[in-house]
Amino acid sequence: MPPRDLRRPFKRPAISDQQKRRELALLRQAQNRRDSQHQARHLASSVLSLQNQNTEPEAELGPESETVESEQETLSKDLDILQASKLKGSEARKWFARQLMLPEWMIDVPPRLNTDWYVFARPSGKRCFVVSSNGTTVSRLRNGSILHHFPSALPNGARTRDISGPAHSFCILDCIFHEPDQTYYVIDMVCWRGYSLYDCSAEFRFFWLNSKLAETGACDPPSLYHKYRFSLVPIYECNQIGLHTAYTGVVPYVKDGLLFYNKHAHYQTGNTPLALVWKDENCSQYVLDTDSNGQVPTQQQVVLDLQEDGRLTTSDDPPVVFGCLDGDFVQKSGLRPGSFVRFAVSDEGMRFVDGKLEMANIHYIGKANRARAFADSYSKVLFQYAARHSPLRFGDLIESVSSFSDLGNENLDVEMVD
Amino acid sequence: MAMEVTQVLLNAQAVDGTVRKHAEESLKQFQEQNLPSFLLSLSGELANDDKPVDSRKLAGLILKNALDAKEQHRKFELVQRWLSLDSSVKAQIKTCLLQTLSSPVPDARSTASQVIAKIAGIELPHNQWPELIDALLSNNIHQVPDHVKQATLETLGYLCEEVSPDVVDQDKVNKILTAVVQGMNASEGNNDIRLAATRALYNSLGFAHANFTNDMERDYIMKVVCEATLSPELKIRQAAFECLVSISSTYYEKLSPYMQAIFNITAKAVREDEEPVALQAVEFWSSICDEEIDILEEYGGDLSGDSETTCFYFVKQALPALVPLLLETLLKQEEDQDQDEGAWNLAMAGGTCLGLVARTVGDDIVPLVMPFIEENITKPDWRQREAATYAFGSILEGPTPEKLTSIVNVALNFMLSALTNDPNNHVKDTTAWTLGRIFEFLHGSTVETPIITHANCQQIITVLLQSMKDVPNVAEKACGALYFLAQGYEDVGSSSSPITPFFQEIVQALLNVTHREDAGESRLRTAAYETLNEVVRCSTDETAPLVVQLVPLIMMELHQTLEAQKLSSDEKEKQNELQGLLCGCLQVIIQKLGASEPTKSVFMQYADQMMSLFLRVFACRSATVHEEAMLAIGAFAYATGQEFAKYMQEFYKYFEMGLQNFEEYQVCAVTVGVVGDICRALEDKVLPYCDGIMTQLLKDLSSNQLHRTVKPPIFSCFGDIALAIGENFEKYLMYAMPMLQSAAELSAHASGADDEIIEYTNLLRNGILEAYSGIFQGFKNSPKTQLLMPYAPHIIQFLDSLYMEKDMDDTVTKTAIGVLGDLADTLGSNAASLIQQSVSSRDFLNECLSSDDHLIKESADWAKLAISRAMSV
């Protein structure tokens, strides 16, 4: 048992540079592993399937642009959200034009409204997608064009030092920009910090929206690195109280109807019957559609999509056919397949059998505004028609939720109807 | 036969090489042909007083080596081999050994005690040889000759060194300690017995926890130890102080009543005793400082008293007397100690202790040391100037910047001028070191009042660069100072660093140092390259073009090391070392330039050339792989990305060689890390090499030769590979999954283990979980996700048990909750019901969602999302 060596390090740094190199290498590797893990978690499940979309109208433009367009088409079809968040120019416009979830108009009251649905007062304004990524925020209108380009407190929404995180930590919010108070009212959350919420139920998305948005400071008043305020809208269970509060309650924004969201529905791009819009004169200034001059026309107008074979269809999937134009007329009027065409509907111009359209009496007016990305949906045409003739009233909604809750049981209700 | 063994054992120590070799060969044959008989004749040889001492000693040594080895796996084999021997053989051997303890030949006794301890180390944990300790102690109880008593105590000492305290009953511990303390007592007239007893106490201190909680017993042990420090015999005093040092860390919280006495004893020893004893006395205080620094760091000023260990502030209390004592030692320097790598003397020990005291007490030390510095720093005797400078340098870590800044501001100019003008190398060495300490502790983005300003920066750099031309030991310290000067600017980011204007000059000066004829002395060349590395690491965008210019320069240097031919082994070693430094430097440069796109693209023009140099460095060696080159390859692969595919074919054999390197486990570990880099760089292009890599990794995991620290990162590699090649990982599932599963079972429970084992267990868990994570994510969106379904229940169970154990660290928690998300994400609705049925997923998730740790919360958010998606499908 010889004496122990008790030499201690003398005039030396405690750690050698070689050890430091090893540790830095390990640190870098751990960081890189975390990054690829992160990326894997974000991306793969958020690839959006765009194959089911309607045929793209622009794809059938003149022959000179055909090849380019179809290349872009394949390109944008294969994109996932991260890649899409980097798109620029017309590609971005095309991609985003197809990403919003569009509520159908409420023609009749869906079953289980009081148990399976949320309701909230829709802010009046411009519906848009807000994307924050790479230190900037961009809002895009329904047709894909840019509304604002601005710094925000959303994750990765401005070039500030304190908002750290990987570049792919982007967000996509479904918003309505409300002019009077220059505020983005967030009505849905599609991606948060790179995580896709497309496949999540509305229940979860709203929960996430409510718990995450305020954390970032996005709801704070505007500042140098946060140009517009974001705000949540109060969302209610669609029972009597909720419905009433949404309809009559005071909100800081101008209302434009009520939105109903099915709790179990995923975020689905395009028209969906699992989100519904309803309005009357009390909760909206725009119950009846205006024409291109902003006037309510005496006759209802509809915008339909002209197909190659001359059929006139709605924007639904599958499309509903309202009529047909013959080839001569199309040529004479300078229309092309894929054009949006405006028609007037005469009073008593539609006939229904078992709630289904049997006949529509429509008159050609002209080409629709070029900025449009979509024809009207079937439900919109019907809601407008009903609004002019026998509207679905707020009382009907209240009655439906109270009758459901009184009976408490859907089966019973079905029996009674039978 | 017996006669023959004696001769063979003697021949094995013959001067004549052929005789020796022949004898060794026969011993080996004997052992292989008949192990029991071999061991028996060795023990017989050792026990036989008629045999020559040399053959007996070697017989004992071979016996000892047949029971223990350094390498873990070999040790394990030897233990198993002994345990499986016939018990009558073992009994005979043990009898011989115990009998040898009474031999009149000291070497035979001493060898026998070591062998006995080795056997005890194997057998006692298996409840075998229970009579050993009683058999040994009967020697003391009955009156036995002194030499037997001495051998018995020595045996007890070795035994306590070999055996873990928990396999010896308290009753036997008491007997051992009684015998040992009795042997240490001042009344013991025989110095050999007293020395053996004192050394035995040192080893048995770990057994004495119960005895140290008993006031009377503790008082007695302490009294005997303190008395032994006053023995006229130097070795006994030294051994007694060793006991005190050991007690200071093992029984820190019991020391209060004895501190005054111990202070007096240590002070006397430091001032008056011979150096080996004085060094131990200083070490006592260094060790107390270590304890108090640990306690104060761990509980970070939380003095509420709920902590396990309380700080008694012994150092603070002793401060007024301790500091002058240590300052005195500083004046006892040896000439040229700075040139001697192995030097360790009282001045060095005292200065080191002073540094620890400063870290323990902080500001309080400053007023006690300043007068000494002021008095001595300008004295004509170099010893006084050096001691004053060393004292100053020693107290720079610990006290607050507020306390030190004004003093340092005054001292800085003095130091700069001393470094230029002092006639004594020793003083200059310490001055340069002190400057380095100033920059290390009082300069950087965290320090409020900067010591270095635009006004004095130029002067500092000029002096340091000048000093780098001084003798090697001074130049080396100047490089060190520059290292910390650069490090202080590592956070300046894109804003300008004050050393930017001097960048080129600094780099040139460092390269000049590496070319000095005498750069091999005082590790000067190494210091110069390390400083160059730090200067590059901390450089800003402004100097990026200059870093790019370094690439061809360093590559040229590396090229030159490869040109040398027919090297002697000494030269080969030097070449190897230089290649290490250059590869290290390239690694740093690659990492720096690879971090931003514009510099990366400039760097890429050198990629082919650089890779071919690395391959040639690998080719320099036949069996092993150069660790630094491997580290550089990792950085290189990361920087080049998919481009790396074109080098893969040539590189692969070295890659495999690195993964096979069990002996140098650091090399293996580094290579395992590079697997991840390459997977991320090549993504699916790594596929053609995966069979080989996976085979190697699986072999590594099943090897009991490989150092255990390499295993957790190997599991992580499974994840990296799966993430890179996606569903192609299918063919490895049947090998990887069972391995992960059994490792998971082993690692699920670490309860009752010590901190070190818990730490390792958590590393292992993290590796396993990272593997699962990568595999799930790799298979996501593939039609083959179903292949993972059978493994899901076990993984959820693993997560459940981790949650129940409550001993996960933050990293494991983060990874674990992430795996829950990955599982849900990939398996979707199939996993939803499993998760719903799991015992604790919900609680675990909720706990993580409300965690304060940002990373855990982020992972938990992910898991919540993925699970809710899975459930809503």
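Analysis parameters
- Residues numbered from 1 in each chain as written.
- Chains lettered and ligands numbered in written order.
- Predicted model: local features only at pLDDT ≥ 70, side-chain atom pairs only at ≥ 80, totals over all residues.
- Heavy atoms only, no water.
- UniProt positions renumbered as here; feature names shortened; annotations may be inferred.
- Helix = DSSP H or I, 4+ residues; strand = E, 2+ residues; numbered from the N terminus.
- Buried < 20%, exposed > 50% of the residue type's maximum accessible area, 1.4 Å probe, protein only.
- Areas by Shrake-Rupley, 256 points an atom, 1.4 Å probe, with all protein chains shown as cover.
- Rg over C-alpha atoms; globule rule 2.2 N^0.38 Å.
- Contact = heavy atoms within 4.5 Å.
- Lys, Arg positive; Asp, Glu negative; His and termini not counted.
- Charge placed at Lys NZ, Arg CZ, Asp CG, Glu CD.
- Polar contact = N/O pair within 3.5 Å; in protein donor to acceptor, adjacent residues only side chain to side chain.
- Expected span 1.5 Å × (residues − 1).
- Core = buried A, V, L, I, M, F, W, Y, C linked by side-chain atoms within 4.5 Å.
- Axes fitted to C-alpha atoms, helices over the stretch in contact; angles between N-to-C directions.
- Parallel < 35°, antiparallel > 145°, perpendicular 65-115°, else oblique.
- Left-handed = near helix turned anticlockwise from the far one by under 90°.
- Nonpolar A, V, L, I, M, F, W, Y, C, P; charged D, E, K, R; others polar.
- Salt bridge = Lys/Arg side-chain N within 4 Å of Asp/Glu carboxyl O.
- Buried area = accessible area lost by both parts, 1.4 Å probe.
- Pairing = 2+ DSSP bridges.
- Domains from an automatic or database assignment.

In the annotation of an unreviewed UniProt entry, chain B is listed under the name Importin N-terminal domain-containing protein and assigned to Nelumbo nucifera. The heading Sequence similarities (unreviewed entry) in the UniProt record of chain B holds the text "Belongs to the importin beta family. Importin beta-1 subfamily." Regarding chain B, the relevant UniProt record gives this comment under Subcellular location (unreviewed entry): "Cytoplasm".

Taking an unreviewed UniProt entry as the reference, chain A is identified by name as Snurportin-1 belonging to Nelumbo nucifera. What UniProt states about chain A under its Sequence similarities (unreviewed entry) heading is, verbatim, "Belongs to the snurportin family." Under Function (unreviewed entry), UniProt gives the following word-for-word description of chain A: "Functions as an U snRNP-specific nuclear import adapter. Involved in the trimethylguanosine (m3G)-cap-dependent nuclear import of U snRNPs. Binds specifically to the terminal m3G-cap U snRNAs."

A.B. asks: Can you lay out the overall build of chain A for me, pointing to particular residues and giving the numbers?
C.D. replies: Tallying secondary structure elements over chain A gives 11 helices and 17 strands in all. Here chain A holds 418 residues, and 52% of them are scored as buried. For chain A, the accessible area works out to roughly 19800 Å², and carbon and sulfur atoms hold 50% of it.

A.B. asks: Quick rundown of the overall build of chain B? Include the residues and the values.
C.D. replies: Regarding its fold elements, chain B presents 42 helices and zero strands. Since a compact globule built from 873 residues should have a radius of gyration of about 29 Å, the 32 Å found for chain B is in line with a globular shape. For chain B, with 873 residues in total, the buried portion stands at 58%. Sequence-distant contacts in chain B: of pairs separated by 6 or more residues, those separated by 24 or more amount to 73%. Split by element, the accessible area of chain B, about 36400 Å² in all, is 51% carbon and sulfur. The averaged location of the 120 negative side-chain charges in chain B is 4 Å from the averaged location of its 66 positive side-chain charges.

A.B. asks: Give a detailed account of the side chain of A:D116, specifying residues and quantitative values.
C.D. replies: Residues and elements named next belong to chain A. By secondary structure assignment, the location of D116 is in helix α5 (residues 113-116). Among the polar contacts listed, one links the side chain of D116 to the side chain of T115, at a separation of 3.3 Å. In this view, D116 contacts Y261, N262, K263 and H264; residues no more than four positions away in its chain are not counted.

A.B. asks: Lay out helix α13 (residues 215-228) of chain B with the relevant residues and their values.
C.D. replies: Since one α-helical turn is 3.6 residues long, residues separated by three or four positions face the same way. Residues and elements named next belong to chain B. Helix length check: α13 (14 residues) gives 20 Å between terminal C-alpha atoms against 20 Å at 1.5 Å per residue, within 8%. Residues of α13 that are buried include every one of R218, I221, M222, V224, V225, C226 and A228, and no others. Turning to α13, the residues buried within the fold contact α10 (170-184), α11 (191-204), α12 (209-213), α14 (234-250) and α15 (259-272). If you check the start of α13, you find a side-chain oxygen 2.9 Å away from the backbone N of M216, and it comes from N214.

A.B. asks: Residue-level account of the nonpolar core, with values.
C.D. replies: By size, the foremost hydrophobic cluster in this structure holds 385 residues, and its most contacted members are A:F260, B:F651, B:F718 and B:F729. With 11 residues, helix α16 (residues 275-298) of chain B is the single largest residue contributor to this core. Setting aside its immediate chain neighbours within four residues, A:F260 contacts A:M106, A:L113, A:W117, A:Y118, A:V119, A:C238, A:L243, A:L274, A:A275, A:L276, A:W278 and A:L397. If you look at the next biggest cluster of nonpolar residues, it comprises 19 residues, including A:V341, A:F343, A:A360 and A:I362.

A.B. asks: Talk me through helix α39 (residues 810-827) of chain B; I want residue IDs and the actual numbers.
C.D. replies: All names here are of chain B. End to end, α39 covers 26 Å across 18 residues, agreeing with the expected 26 Å (1.5 Å per residue, within 8%). Among the 18 residues of α39, 16 are classified as buried, and the element is accordingly described as predominantly covered. Sitting at the head of α39, D809 places a side-chain oxygen 3.2 Å from the backbone nitrogen of T811. Just past α39, the residue G828 takes up positive phi, approximately 60°.

A.B. asks: Tell me about the packing of α16(B) against helix α18 (residues 346-361) of chain B, and please be specific about residues and values.
C.D. replies: Residue and element names in this part refer to chain B. It is the contact of α16 with α18, at a shortest axis distance of 9 Å, that shows an interaxial angle of 20°. It follows from the interaxial angle that α16 and α18 lie roughly parallel. α18 is crossed by α16, and the crossing has left-handed handedness. Side by side, α16 and α18 meet where E275, A278, L279, V282, W285, S286, C289, D290, E292, I293, L296 and E297 of the first sit next to L346, A349, G350, C353, L356, V357, R359 and T360 of the second. Partitioning the contact of α16 with α18 into residue classes produces 12 nonpolar, three polar and five charged.

A.B. asks: Lay out the pattern of salt bridges with the relevant residues and their values.
C.D. replies: Following the criterion strictly, the structure yields 60 salt bridges over all chains and no others. Note that B:K75 is salt-bridged to B:D68, the shortest N-O span being 3.5 Å. Using a relative accessible area of 32% as the deciding quantity, one classes B:K75 as partly exposed. With a closest N to O distance of 3.0 Å, B:R523 and B:E476 form a salt bridge. Taken together, the residues B:R523 in the loop between α25 (503-514) and α26 (524-537) and B:E476 in helix α24 (residues 472-487) connect sequence positions 47 residues apart. Using a relative accessible area of 27% as the deciding quantity, one classes B:R523 as partly exposed. With a relative accessible area of 6%, B:E476 lands in the buried category. Overlapping salt bridges, with partners in common, bring together A:K11, B:D429, B:E476, B:K477, B:R523 and B:E530 in one network.

A.B. asks: Account for the interface of chain A and chain B, with residues named and values stated.
C.D. replies: Each partner contributes residues to the interface: chain A has 42 residues there, and chain B has 84 residues. When chain A packs against chain B, the two sides together hide about 5400 Å² of surface, and 51% of this comes from carbon and sulfur. Taken together, the connections running from chain A to chain B amount to 11 salt bridges. The closest approach of N and O atoms between B:D720 and A:R33, which form a salt bridge, is 2.6 Å.

A.B. asks: Hey, could you go over the pairing of strand β6 (residues 171-178) of chain A for me, with residue numbers and the actual values?
C.D. replies: All names here are of chain A. With eight of eight residues buried, β6 is to be regarded as a mostly interior element. Burial along β6 is two-sided: C171, L173, C175 and F177 and I172, D174, I176 and H178, pointing in opposite directions, are all buried. Pairing geometry for strand β3 (residues 126-133) and β6, over seven bridges, is antiparallel. Paired with V131 across the bridge in β6 is I172. Here β6 folds back onto strand β7 (residues 183-192), and the loop between the two strands holds four residues, one of which, Q182, carries a positive phi near 50°.

A.B. asks: Could you give an account of the domain arrangement of chain A, naming the residues involved and the relevant values?
C.D. replies: Residue and element names in this part refer to chain A. Partitioning chain A into structural domains gives domain 1 (18-57 + 80-278) and domain 2 (301-389). Taken together, both faces of the contact between domain 1 and domain 2 bury some 1200 Å²; the carbon and sulfur share is 61%. Here domain 1 is connected to domain 2 by zero salt bridges. Along the contact surface separating domain 1 from domain 2 lie two residue pairs in polar contact (both at pLDDT 80 or more). Within the side of domain 1 that touches domain 2, the residues separate by chemical class into eight nonpolar, four polar and two charged.

A.B. asks: Just give me the short version of the sheet that holds strand β17 (residues 356-367) of chain A, but keep the residues and values in it.
C.D. replies: Residues and elements named next belong to chain A. Within the open sheet, the five strands sit side by side as β15-β14-β13-β16-β17. Their pairing is antiparallel. In this open sheet, the two strands that pair with only one neighbour each are β15 (321-324) and β17. When strand polarity is set aside, the average angle formed by the axes of neighbouring strands in this sheet is 45°. Note: strand β16 (residues 340-353) against β17, nine bridges, orientation antiparallel. Bridged to R342 within β17 is G366. Sheet strands touched by helix α9 (residues 378-389): β13 (300-306), β15, β16 and β17. Its angle to β16, the strand with the most contacts, is close to 60°.

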